[in-house]
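Per-entry structural report
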Amino acid sequence: MKKVGNHTSFSRILFFCLALSLSFSFASYAQDAAPAADAGQEAAASAGAGDPAKGKELFNSLCAACHKLDGKMTGPALRGVADKHDREWLYKWIHNSSELIKSGDAAAVKLFAENNNQVMTPFPQLSTGDIDNILAYTSQPAPVVEKKTAGGEPVAQEGGASNNLILGALVLVLLVLIVMLVLVNSTLRKVAAANGVDVSKKGNTVSFWQAYARNQFLVLVTSILLLLSGAYFLYGYLMQIGVDQGYEPIQPIHFSHKIHAGENGIDCKYCHSSARVSKTSGIPSLNVCMNCHKNISEFSGSKDSTYVEYSKEFYTAEIQKLYDAVGWDKSAQQYTGKTKPVKWVRIHNLPDFVYFNHSQHVSVAGVECQTCHGPVETFEIMKQNAPLTMGWCINCHRETNVKVEGNDYYKKIHDELAKKYGVQKLTAANMGGTECGKCHY
């Protein structure tokens, strides 16, 4: 029998390469990091006096407005404060710091001066046991911060599988498959040649395109379909010019509506206050931000919360950008006078020939912000939710009933138009909301 080639050579190569790639993959998973001990439980056991859990509740309700554990606010950082002062002295200071300062106590006078002569609120209602609980909580060691990437993903631990290694293994398998296909093709050609089969010979058949070109009816139908399809897609493309639905620019300072309006429940009109009385909603002044962030210098949300999409360090760095813009020194708790303008990127922008008044919709009509702007309380990055086209606005005017209850402005015109149209509920379109002059001037 005539040999046409080694039929098992490519199989041996394939199995060898697969075994090599799998051995690298399994080796990368061979070592796992041992779980760390719970530092919080050890700290609670070593605290000795007081209950850290009860102390945390007292700290959050009484102390957190002016103090943080690891950073300066109105008052100094309190982590490890029990090691800096005598416990009896701390009882007196917390019960009534002003009285201790007036007595001339050197430590009290020095602490008062170091914190810009800010008088601490007295807490005579706290027992020594309550203070011990707070001190036990502040004596806990700082938690180990898990390293994360800019996108909020945890950094891969040492010993874990490297993404580059896995990608390399997949590329190697792909190359092996390509080599295998080439070898199979070569072997089949040799077998065909050994049996006298000419694989390059072609029959006297007519190609598909030749047959199609000879059929004039099919050519005509295809031409008409292509013209109609091209006109349809061209019209759709032209109608989307200037429509920026889904526009989601990156702002110079990251602002999460999901955290502010969603998790913290801040009303939209607290920041965009001019929407109630003005044509535009306005860009909130940074002073509005500082009403809260003067004492909130770092992100304190739980890493397990569903609204968190970035790392704690990322959000804290964005708050620092706010401080740099307004010139706020968080360590000295005062303004430096050095400010930087923030170049916000506008998202919602109507053409110049369109008139839209926020106060008319928000205050008079009672339209909710989400009607036009979408569920902003779920947006991590603000975007244009609606198309804001003329057809979209007209449909809203045709479908939305005007709220006239308790609104004397619309009472008279409502009674007249309701009688005219024979209905009790009037839409904005019934009251002229589709007239050209209402929005174009």
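Just so it is clear, the model here is predicted, and its values are computed rather than measured.

Moving on to the packing of helix α3 (residues 52-63) against helix α7 (residues 128-138). When two helices pack together, their arrangement is captured by the angle between the axes and the distance separating the axes. Where α3 contacts α7, the two axes come as close as 7 Å, and the packing angle between them is 95 degrees. In terms of axis orientation, α3 runs roughly perpendicular to α7. Facing Pro 52, Lys 54, Gly 55, Lys 56, Leu 58, Phe 59 and Cys 63 of α3, the residues of α7 in contact are Asp 130, Asn 133, Ile 134, Ala 136, Tyr 137 and Thr 138. Partitioned by chemical class, the residues of the contact of α3 with α7 number seven nonpolar, three polar and three charged.

It is worth spelling out the packing of aromatic side chains at this point. Per the counting criterion, the structure on display carries nine aromatic pairs. Consider the rings of Trp 89 and Trp 93, whose centres lie 5.4 Å apart with planes at 10 degrees: the pair is stacked. Of the two residues, Trp 89 and Trp 93 both sit in helix α4 (residues 87-95), four residues apart, roughly one turn of that helix. There is no split in this pair, since Trp 89 and Trp 93 are both buried. Here Tyr 310 and Phe 314 contribute two aromatic rings whose centre-to-centre distance is 4.4 Å and whose plane-to-plane angle is 20 degrees, an arrangement assigned as stacked. By relative accessible area, Phe 314 is classed as partly exposed at 22%. Three or more aromatic residues joined by ring pairs make a cluster, and in this case those are Phe 299, Tyr 310, Phe 314 and Tyr 315.

Looking now at the pattern of salt bridges. In total, this model carries four salt bridges according to the counting rule given. Note that Arg 87 is salt-bridged to Asp 132, the shortest N-O span being 2.8 Å. With Arg 87 in helix α4 and Asp 132 in helix α7, this pair connects stretches of sequence that are 45 residues apart. A relative accessible area of 31% means that Arg 87 is categorised as partly exposed. We note a salt bridge from Lys 321 to Glu 318, for which the minimum N-O separation is 3.1 Å. Taken together, the residues Lys 321 and Glu 318, both in helix α14 (residues 312-326) and three residues apart, mark about one turn of the helix. Taking relative accessible area as the criterion, Lys 321 reaches 37% and is therefore assigned partly exposed.

For the rest of this paragraph, the subject is the nonpolar core. Core analysis: the largest hydrophobic core is formed by 23 residues, its most contacted members being Phe 59, Trp 89 and Trp 93. Mapped by element, the contributors of at least two residues to this core are α3, α4, α5 (97-102), α6 (106-114) and α7. With five residues, α4 is the single largest residue contributor to this core.

As a further point, take the confidence of the model for the protein chain. The share of residues in the protein chain with pLDDT of 70 or more is 81%, and the mean pLDDT across the chain is 81. Taken together, the stretch residues 1-8 has pLDDT below 50 and engages in five contacts with residues farther than four places along the chain or on a different chain. Predicted confidence for residues 26-48 stays below pLDDT 50, and this span has 13 contacts to residues more than four positions away or in other chains.

Per the UniProt record, "transmembrane region" (unreviewed entry) is annotated on residues 165-184 and 217-238. For residues 165-184, helix accounts for 100% and strand for 0%, while the C-alpha atoms at its two ends are 29 Å apart. Helix makes up 100% of residues 217-238 and strand 0%. Its end C-alpha atoms lie 32 Å apart.

The full count for this structure, using the stated rule, is zero disulfides. In this structure Cys 292 is a free cysteine whose sulfur lies 7.9 Å from that of Cys 271, the closest cysteine sulfur available. For Cys 369, which is in no disulfide, the shortest distance to another cysteine sulfur is to Cys 268 and amounts to 4.2 Å.

Given 3.6 residues per helical turn, the α-helix brings residues three or four places apart onto the same face. Taken together, the buried positions of helix α13 (residues 286-293) are occupied by Leu 286, Met 290 and His 293. Down the axis, α13 shows its buried residues gathered within 75 degrees of arc, on one side only. Of the exposed residues in α13, those oriented more than 90 degrees away from the buried face are Asn 287 and Asn 291. As for α13, its buried residues are in contact with α11 (257-263), α14, β1 (328-329) and β2 (334-335).

What counts and what doesn't
Residues numbered from 1 in each chain as written. Predicted model: local features only at pLDDT ≥ 70, side-chain atom pairs only at ≥ 80, totals over all residues. Heavy atoms only, no water. Axes fitted to C-alpha atoms, helices over the stretch in contact; angles between N-to-C directions. Helix = DSSP H or I, 4+ residues; strand = E, 2+ residues; numbered from the N terminus. Parallel < 35°, antiparallel > 145°, perpendicular 65-115°, else oblique. Contact = heavy atoms within 4.5 Å. Nonpolar A, V, L, I, M, F, W, Y, C, P; charged D, E, K, R; others polar. Phe/Tyr/Trp six-rings, centres within 6.5 Å; stacked < 30°, edge-to-face > 60°. Buried < 20%, exposed > 50% of the residue type's maximum accessible area, 1.4 Å probe, protein only. Salt bridge = Lys/Arg side-chain N within 4 Å of Asp/Glu carboxyl O. Core = buried A, V, L, I, M, F, W, Y, C linked by side-chain atoms within 4.5 Å. pLDDT = per-residue confidence, 0-100. UniProt positions renumbered as here; feature names shortened; annotations may be inferred. Disulfide = S-S within 2.5 Å. Arc of directions from axis to C-beta.

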